[in-house]
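Survey of secondary and tertiary structure
Take a look at the letters that make up each chain.
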Amino acid sequence: MTVARGTGVAAWPRHRPGLRETLAPVWALARTQLYQRIVTLWFGVFCAGFSLLPGEWEQRWLFYIGIPLALPAVVHATRRLAGGALFWALTAFLVYSGLSALWSDHWLTVGDELRRAFWIEYFLLICCAIGEASLPFLRLVLQGVLLFAAAVAIYAVADFFHGCVDCGRFTGFGAHANSNFTATIAGAVALLGLAAVFSGPGVPSLVLLAGQAPLCALLIATGSRAALAGYIGGLVLTAALVLRRAGKRHAARAIAAVFGCVAVAAGAVALLGRDWLRTEIARGDSLRLHIWSVNLQRIARHPWFGHGATTPDLVPLEGGEIGIHAHNMFLAQAFYGGVVGCALWVAVLALAMLVALRVWRQRGELLPLVPLAFLLVVGAVDIGPVVVDVLPPWLYVWVVLGIVLAYDTDLRRRAITSR
């Protein structure tokens, strides 16, 4: 106890706020609408960046910038929002994948694998926070991402068709560009935007639907048949679901988008010529059957727990080329994590599909369902490891699953508040 100077009256020491009280205003940001919209805008910018330089350091920095920005949202999600079967299945898969590096070829890589798993979990918690109150704004942001990607596609396709001689496959921009990555990103962004358009109120904008055309042309230019098949399948699925649930005007625009993209594809093939088409047909299965066969033999050697997440999955191919993964996300998870890892991954996708179907039945929204269907189609003939650094698979794996998780968070929140 101290005595106040000049009064002779005893005064208690002043209360000094602790760390929890000091940080309380920071954590409270997560409940404000302005902050929630800023985080959702960052999410959109991060997604849009994949359309430009998906494999370069600039894209990774878009994520690193979001780490401190989203910290209040992540803390809030950890305390109040994280939960449900889908979230815990995702968490279990990530933890198991990280720990499986212990029995890989180089067990010291366990730290790197756990770091990758940690940042994916961090990203998923951001998605939980977006799902609490920002889903309508998220749909608007994804429409903006669609327009940005369409603008990039217009430039890329014009440059490719104007400047190419004896056209091969458009690879994309950046030193680490890859045709399959570019195509899968284009297909994922196109369907995320399209699903967002038809999930919102009102008649879909013709401008947003027209954005599908350049992205479809870009898919043709890359020569990626898996992404193109997944994209066309997503278009047809969208039209069928809209025809079943929405009014005639909505359905007419969805069907027009499908036929418009088919016309774009036919025009692009005609422009590239018969020789290009013959070359694409001659590619056959791109040695997928050989890669799958080799992986099945390797899986049989370590069936239960796999070879470990950081063991290289290299398959020698014809002409001295090397396949770098299983080109099937289920075989890949079985190779890295065995029966346990594959079962966890199947559980994740099954639970995600249940959430997407529930959203469709209860609300008629396509956003979780259509992009998830695209992931399943592409993953059947492509995609290897999914626990990776910030690379193209983040967009068509973790962004898609993150959006499903955002809807799951909203469904659980509404179930609690309605009691």
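Residues numbered from 1 in each chain as written. Predicted model: local features only at pLDDT ≥ 70, side-chain atom pairs only at ≥ 80, totals over all residues. Heavy atoms only, no water.

Brief notes about the nonpolar core
To keep it simple, the criterion reads: We define the nonpolar core as a collection of buried residues of types Ala, Val, Leu, Ile, Met, Phe, Trp, Tyr and Cys that are connected through side-chain atoms lying within 4.5 Å of one another. Note on classification: 1.4 Å probe, protein chains only; a residue is buried when its accessible area is under 20% of the maximum for its type, exposed when over 50%, partly exposed between these limits. Counting from the N terminus, the helices are DSSP H or I runs at least four residues long and the strands are E runs at least two residues long. What makes two residues a contact is simply this: any of their non-hydrogen atoms within 4.5 Å.
Ranked by internal contacts, the top residues of the largest apolar core, which has 113 residues, are Phe43, Phe123, Trp345, Trp394, Trp398 and Leu401. No other element matches helix 17 (residues 393–417), which puts 14 residues into this core. If near-sequence neighbours (up to four positions away) are discounted, Phe43 is found in contact with Phe123, Cys127, Ile130, Leu138, Val399 and Ile403. Counting residues in each nonpolar core, the second largest holds 8 residues, with Leu331, Ala332, Ala334 and Phe335 among its members.

Quick notes on unusual backbone geometry
Residues other than glycine seldom take positive phi values, yet His327 does so here, at roughly 55°. Turning to its location among the elements, His327 is positioned in the loop between strand 4 (322–323) and helix 15 (329–363). Even without a glycine there, the phi angle at Ile383 is positive, about 75°. Position of Ile383 relative to the elements: it lies in the loop between helix 16 (369–381) and helix 17.

Quick word on the environment of Ala226
Its place among the elements puts Ala226 in helix 11 (residues 225–245). Taking the relative accessible area as the measure of exposure, Ala226 reaches 15% and is therefore buried. Through-space distance from the C-alpha of Ala226 to that of Thr184 is 8.2 Å; in sequence the pair is 42 residues apart. Here Ala226 is in contact with Val377, Val378 and Val381, once residues within four sequence places are set aside.

Thoughts on the pattern of salt bridges
The criterion, for reference: Salt bridges are defined by distance alone: a side-chain nitrogen of Lys or Arg within 4 Å of a carboxyl oxygen of Asp or Glu.
Taken as a whole and assessed by the stated rule, the structure comprises 9 salt bridges. Across the pair Arg116 and Asp389 runs a salt bridge, and its minimum N-O distance is 3.8 Å. One end of the pair, Arg116, is in helix 6 (residues 110–133); the other, Asp389, is in the loop between helix 16 and helix 17, with 273 residues separating them in the sequence. Using a relative accessible area of 16% as the deciding quantity, one classes Arg116 as buried. Here Asp313 ties to Arg298 by a salt bridge, and the two come within 2.7 Å at their closest N and O atoms. Of this pair, Asp313 sits in the loop between helix 14 (288–301) and strand 3 (315–316) while Arg298 sits in helix 14, and the two are 15 residues apart along the sequence. For Arg298, a relative accessible area of 17% translates into the label buried.

Regarding the packing of aromatic side chains
Quick note on the threshold: For Phe, Tyr and Trp, rings pair up if their centres lie within 6.5 Å, where Trp contributes its six-membered ring, and each pair is then called stacked (planes under 30 degrees apart), edge-to-face (over 60) or tilted (otherwise).
Applying the stated criterion to the full structure yields 24 aromatic pairs. Between Phe46 and Phe63, the aromatic rings sit 5.9 Å apart at their centres with planes inclined by 50°, giving tilted as the arrangement. Remark: Phe63 occurs in helix 3 (residues 57–69) and Phe46 occurs in helix 2 (residues 33–49); sequence separation between them is 17 residues. No difference in accessibility class separates Phe46 from Phe63, as the two residues are buried. For the pair Phe93 and Trp345, a centre-to-centre distance of 4.9 Å together with 40° between the ring planes defines the contact as tilted. Linking Phe93 in helix 5 (residues 84–100) with Trp345 in helix 15, this pair joins segments that are 252 residues apart in sequence. As far as the burial class goes, Phe93 and Trp345 line up, both buried. Three or more aromatic residues joined by ring pairs form one cluster here, namely Trp42, Phe43, Phe46, Phe50, Trp61, Phe63, Tyr64, Phe118, Trp119, Tyr122, Phe123 and Trp394.

Regarding the environment of Arg412
Selection criterion: Polar contact is defined as a pair of N or O atoms within 3.5 Å, subject to the rule that within protein one atom must be able to donate a hydrogen and the other to accept it, and that residues adjacent in sequence are counted only when both atoms are side-chain atoms.
Within the secondary structure layout, Arg412 lies in helix 17. With relative accessibility at 21%, the residue Arg412 sits in the partly exposed group. Distance in space between the C-alpha atoms of Arg412 and Gly83 is 8.7 Å, their sequence separation being 329 residues. Dropping the residues within four chain positions of it, Arg412 is found in contact with Leu81, Ala82, Gly83 and Gly84. Within polar-contact distance, the side chain of Arg412 engages the backbone oxygen of Gly83 at 3.1 Å.

Remarks on the packing of helix 8 (residues 179–199) against helix 10 (residues 212–222)
This is how it is decided: Helix axes use the C-alpha atoms of the stretch in contact, all axes being lines fitted to C-alpha atoms, and the angles between their N-to-C directions lie in the range 0 to 180 degrees. When an angle is under 35 degrees it counts as roughly parallel; over 145 it counts as roughly antiparallel; between 65 and 115 it counts as roughly perpendicular; any other value is oblique. It is the rotation of the near helix from the far one that decides the hand of a crossing: anticlockwise by less than a right angle makes it left-handed, clockwise makes it right-handed. Only Asp, Glu, Lys and Arg are considered charged, only Ala, Val, Leu, Ile, Met, Phe, Trp, Tyr, Cys and Pro nonpolar, and every remaining residue, Gly among them, polar.
Their axes nearest at 9 Å, the elements helix 8 and helix 10 cross at an angle of 160°. The orientation of helix 8 relative to helix 10 falls into the category roughly antiparallel. Crossing handedness for the pair helix 8 and helix 10: left-handed. Mapping the contact onto sequence places Ser179, Thr182, Ala183, Ala186, Gly187, Ala190 and Leu194 in helix 8 and Gln212, Leu215, Leu218, Leu219 and Thr222 in helix 10. Here the residues of the contact of helix 8 with helix 10 sort into 7 nonpolar, 5 polar and no charged.

A closer look at a nonpolar patch on the surface
Which entries qualify depends on this criterion: Patch rule: a residue counts if its relative accessible area is over 30% and it has no salt bridge; like charges are joined within 9 Å, and nonpolar side chains (Val, Leu, Ile, Met, Phe, Trp, Tyr) within 5 Å. Each accessible area value is a Shrake-Rupley result obtained with a 1.4 Å probe; residue values ignore everything except the protein chains displayed when judging cover.
A surface patch of nonpolar side chains, about 1,000 Å² in accessible area, is lined by Val95, Leu99, Leu102, Trp103, Trp107, Leu108, Leu114, Trp304, Phe305 and Val339. Here Trp103 lies in the loop between helix 5 and helix 6.

Some words on the packing of helix 8 against helix 11
The N-to-C vectors of helix 8 and helix 11 enclose an angle of 10°; their axes lie 9 Å apart at closest approach. Judged by the inter-axis angle, helix 8 sits roughly parallel to helix 11. Across the interface between the two elements, Ala183, Thr184, Gly187, Ala190, Leu191, Leu194 and Phe198 of helix 8 pack against Ala227, Gly230, Tyr231, Gly234, Leu235, Thr238 and Val242 of helix 11. Classifying every residue of the contact of helix 8 with helix 11 gives 9 nonpolar, 5 polar and no charged.

Describing the environment of Glu318
Within the element layout of this structure, Glu318 appears in the loop between strand 3 and strand 4. Sequence spacing of Glu318 and Leu287 is 31 residues, and the spatial spacing of their C-alpha atoms is 8.7 Å.

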